[in-house]
Amino acid sequence: MMDKELHLLLSIVDKNAGVEVLIDQGLNYGNIAILIETAIKSGYIVSEESDIKLSGSGKEKLAELRGQLKKLDKDTWIERKKDAIITKLDPDFIYLPNQKELYF
Amino acid sequence: MNDLDVKSIIKLHDIFSRKDWFQQLGHSQVHENFCKLLACLNTEEKELMLELCDRYDWITFNSYGKYVQKLFEGLVSSGIVPSGKIYLFPLKSKEDRTTSKSGDTLVYMLQGFIHFLQPPFNQAGIYSIIEGLDRTSNLTFTMNKDDAFFVLDDFLGTGDSLLKVLEEIKQLGKVPIEKIVVLALVAHKNALAILDKLGIKYSVALVRDKGISDHYPEPQKTDKISAMQKIELKVTTKKKFQFGYKGSEGLVTMIKTPNNTFPVFWLPYKFGNAKLEPPFPRFQINKL
């Protein structure tokens, strides 16, 4: 069980949300079912007739994983806007309003 | 597609585990497609689909032998033990004589199971296969007093095709009605009611009711019917198959899923812009 996936699953259960975020991570529903089953067997999730919730150890594990996986470096959670980056100009470059027109 | 909740995934996983479906060939596609379908539905609709899934019969090719054995045990316990010859006829009408039907598969498989059956059905010498009604009419075919005419199919739904074939057999004038015994792995109660009315003997391994109408008491029934109507409006495009062929409300997949089964289980559907596969797709390979 990957820590990142377990962290997401425990967050989902904690917030009573859907599993879409795990699908976005490339998991299929079969993988998610196995992940849930493993988390239940490990005692992190309690599945009762009408309720699914985190156990005490599940809450502790979630807090632990949050600490471990917290992204402090902003470059890892803010993606660079690559299309806005301008290529560096050569010092000898002369700017012409129209690069294809050679006469003024 | 909408988001699927953890509770539904756990419930579906429990159903698959309890029914041993994770041991079936193709279980991962069925499970995946079932989850995708559930993700399109609201809480009430999901609840209904999970209840139907819990009562669903997924009978794979591997388990046919077990059901064939059950059919013949049923014959012995009902006292239907012919002492003469047994003619095996796959249920198919004259117009289907060149098409391979599920009854043909059953007759073919039976040849491999004969030695596992209870006496006297374990004697290969007592059987003769009749491949089609046209051919029957050309055969010098006379039934003796102790002979029986077994009509075989894997599934009986509305009983429409059964009635058609029984009429064709009657027209041949060679098989007295009391000699006919219908054998089916799965049958809906209305097909059996037709046989009872006609006084035809039968043996069936699994008898099934209508999936919603015959299962829930009022007022639950009305709510469940309304939930299925909403599901079908959402994901089913063909009105012809609403609630299954002629409203059969079937919950079964055999080698092929009969069109009597609720179409949400077998008809490909669109949700938003996504084209999605149902849990038990019903394929038909075209002939050249």
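Residues numbered from 1 in each chain as written. Chains lettered and ligands numbered in written order. Predicted model: local features only at pLDDT ≥ 70, side-chain atom pairs only at ≥ 80, totals over all residues.

Observations regarding the overall build of chain A
Next up, step 1: Looking only at helices and strands, chain A features 5 helices and 2 strands.
Next up, step 2: The linear arrangement of helices and strands in chain A, starting from the amino end, is α-α-α-β-β-α-α.
Next up, step 3: Relative to the 2.2 N^0.38 estimate, which gives 13 Å for 104 residues, the radius of gyration of chain A is 24 Å and therefore markedly larger than a compact globule would have.
Next up, step 4: With respect to the principal axes defined by its C-alpha atoms, chain A has extents near 80 × 25 × 20 Å. (Helix = DSSP H or I, 4+ residues; strand = E, 2+ residues; numbered from the N terminus. Rg over C-alpha atoms; globule rule 2.2 N^0.38 Å.)

Considering the confidence of the model for chain B
Next up, step 1: The pLDDT averaged across chain B works out to 90; a share of 96% of its residues lies at or above 70.
Next up, step 2: The ipTM for the predicted assembly is 0.83, set against a pTM of 0.85. (pLDDT = per-residue confidence, 0-100.)

So, the sheet that holds strand 6 (residues 201-208) of chain B
Residues and elements named next belong to chain B.
Next up, step 1: Across the sheet, which stays open at both edges, the 5 strands sit in the order 3-2-4-5-6 with parallel pairing between neighbours. At either end of the open sheet lies a strand with only one pairing partner, and these are strand 3 (127-129) and strand 6. In this sheet, adjacent strand axes meet at a mean angle of 20° when their direction is disregarded.
Next up, step 2: Relative to strand 4 (residues 148-156), strand 2 (residues 86-90) is paired through 5 bridges, and the arrangement is parallel. Bridged to Y87 within strand 4 is F149.
Next up, step 3: Here helix 8 (residues 189-198) sits on the sheet and contacts strand 4, strand 5 (180-188) and strand 6; the angle it forms with strand 5, its principal contact strand, is near 160°. (Pairing = 2+ DSSP bridges. Axes fitted to C-alpha atoms, helices over the stretch in contact; angles between N-to-C directions. Contact = placed C-beta atoms within 7 Å.)

Some remarks on the domain arrangement of chain B
Residue and element names in this part refer to chain B.
Next up, step 1: Split into domains, chain B comes out as domain 1 (6-55 + 211-276) and domain 2 (61-208).
Next up, step 2: The distance between the C-alpha centroids of domain 1 and domain 2 comes to 31 Å.
Next up, step 3: Each partner contributes to the interface: domain 1 provides 10 residues, whereas domain 2 provides 11 residues.
Next up, step 4: Per-class residue counts for the side of domain 1 that touches domain 2 are 6 nonpolar, 3 polar and 1 charged. (Domains from an automatic or database assignment. Nonpolar A, V, L, I, M, F, W, Y, C, P; charged D, E, K, R; others polar.)

Some details on the nonpolar core
Next up, step 1: If you look at the biggest cluster of nonpolar residues, it comprises 92 residues, and the most contacted ones within it are L9 of chain A together with I9 and F150 of chain B.
Next up, step 2: Of the residues that make up this core, three or more belong to each of domain 1 (6-55 + 211-276) and domain 2 (61-208) of chain B.
Next up, step 3: Setting aside chain neighbours within four positions, we find I9 of chain B in contact with V19, Y29, I32, A33 and I36 of chain A together with L4 and C35 of chain B. (Core = buried A, V, L, I, M, F, W, Y, C linked by C-beta atoms within 7 Å. Buried ≥ 20, exposed ≤ 12 C-beta atoms within 10 Å, placed from the backbone.)

Quick word on the interface of chain A and chain B
Next up, step 1: Contacts between the two partners involve 14 residues from chain A and, on the opposite side, 12 residues from chain B.
Next up, step 2: Counting only elements with at least two residues in the side of chain A that touches chain B, the list comes to helix 1 (3-15) and helix 3 (29-41) of chain A.
Next up, step 3: Take the side of chain A that touches chain B: its biggest share by element is 6 residues, from helix 3 of chain A.
Next up, step 4: Partitioned by chemical class, the residues of the side of chain A that touches chain B number 8 nonpolar, 4 polar and 2 charged.

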